[in-house]
Amino acid sequence: MSFTFHIFNHNEPTHADEGEEPVMSQSKILVIEDEFDIAQLLKIHLSELCDQVQLVHDGEQGLNLALQQTWSAIILDLKLPKVDGLEICRRIRGQSDYVPILMLTAKSTELDRVLGLELGADDYLTKPFSVMELTARVKALLRRFDASQGYQKNQQEVNLNYAGLEVLTDQRTVKIDGKEVELTAKEFDLLHFFASNPDKVFNRTQLLDQVWGYGHDGYEHTVNSHMNRLRTKIEPNSNEPKYIKTVWGVGYKFIG
Ligand code: CA
């Protein structure tokens, strides 16, 4: 534990709380923050929570790195040169893979808060923030990321076969009438979950919990958009789905 850590950290115990789950072993956090002092401070403290902290000081570079690599969490300043934090958040959420995002804002106006969360940030912190608050929030985000990864580890390694649809679990491949279909990681997870639970109805919150690995009632549109894309890829006619039916007012079910 460094000397610097103690300076900013009077109230925090020096060890993780008893009984707390250890944070994932290979974790990478991306920090997109144009104020060098704050970025350095974040790096010092986040290094205690994960294996690697990458600092970026402008929005353009930050956006590129956010999209190109897999991150356990992204700390995103709202006001950034070149591309601002809201646009970066929007672009990250347009991707299929889930990554937890913590927004940093200079002022705590409701507008900032609402905009940030509506665009899909998981949490936000208002500057100036205490290190204790920062580490608590980031630990929560890393646990959320772990949970989203956990679903994949727990999948049964079996192949599923239904009227023309094959889900090859170990290869993470899907075939329709023998022809391979290109799915994103999350589309595959979603289809695999349905195919593993035929004839059961799931609502969007349940799908978020099971497939994305975190419960958040604010992101039901995430399920809808993934479902639409999945259907265009696997259904012969996505207006009259053959495999995943809509159960109106409830959710979806897979027809085995
Ligand atoms: Ca800034």
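K.L.:
Give me the pairing of strand β12 (residues 251-254): which residues, what numbers.
P.N.:
In terms of strand pairing, strand β10 (residues 201-202) meets β12 through 2 bridges, oriented antiparallel. Paired with Phe-202 across the two strands is Tyr-252, which belongs to β12. Relative to β12, strand β11 (residues 244-247) runs antiparallel, the two sharing 4 bridges. Looking across to β12, one finds that Val-247 is bridged to Gly-251. In this structure, the hairpin formed by β11 and β12 is closed by a connection of 3 residues, where Gly-249 is found at a positive phi of approximately 80°.

K.L.:
Can you explain the coordination of the calcium ion? Please cite residues and give values.
P.N.:
The coordination sphere of the calcium ion, as far as protein atoms go, consists of Asp-34 (OD), Asp-77 (OD) and Lys-79 (O), spread over 2.1 to 2.3 Å. Sequence positions of the residues that donate to the calcium ion give the spacing D-x42-D-x1-K. In this pair, Asp-34 is assigned in the loop between β1 (28-32) and α2 (36-46) and Lys-79 in the loop between β3 (73-77) and α4 (85-93), connecting sequence segments 45 residues apart.

K.L.:
So what's going on with the nonpolar core? Which residues, and what values?
P.N.:
Ranked by size, the top nonpolar core spans 27 residues in total, and within it Leu-191, Phe-194, Leu-207, Ile-244 and Phe-254 carry the most contacts. Elements with a minimum of two residues in this core: β6 (160-162), β7 (165-168), β8 (173-176), α7 (185-196), α8 (204-212), α9 (220-234) and β12. It is α7 that contributes the most residues to this core, 6 residues altogether. The residues contacting Phe-194, other than those within four sequence positions of it, are Phe-202, Leu-207, Met-227, Ile-244, Tyr-252, Lys-253 and Phe-254.

K.L.:
An account of the packing of aromatic side chains is needed here, citing residue identities and associated values.
P.N.:
Across all of its chains, the model carries 5 aromatic pairs by this definition. With a centroid separation of 6.2 Å and an interplanar angle of 75°, the aromatic rings of Phe-194 and Phe-202 are classed as edge-to-face. Overall, the relative accessible area of 0% leaves Phe-194 in the buried class. Geometrically, the ring pair formed by Tyr-243 and Phe-254 is stacked, given 6.5 Å between the ring centres and 15° between the ring planes. Of this pair, Tyr-243 sits in the loop between α9 and β11 while Phe-254 sits in strand β12; the two residues are 11 residues apart in sequence, bridging distant segments of the chain. For Tyr-243, a relative accessible area of 3% puts it in the buried group.

Criteria and cut-off values
Residues numbered from 1 in each chain as written. Predicted model: local features only at pLDDT ≥ 70, side-chain atom pairs only at ≥ 80, totals over all residues. Heavy atoms only, no water. Pairing = 2+ DSSP bridges. Helix = DSSP H or I, 4+ residues; strand = E, 2+ residues; numbered from the N terminus. Donors = N, O, S within 2.8 Å, 3.2 Å for Na, K, Ca; no water. Core = buried A, V, L, I, M, F, W, Y, C linked by side-chain atoms within 4.5 Å. Buried < 20%, exposed > 50% of the residue type's maximum accessible area, 1.4 Å probe, protein only. Contact = heavy atoms within 4.5 Å. Phe/Tyr/Trp six-rings, centres within 6.5 Å; stacked < 30°, edge-to-face > 60°.

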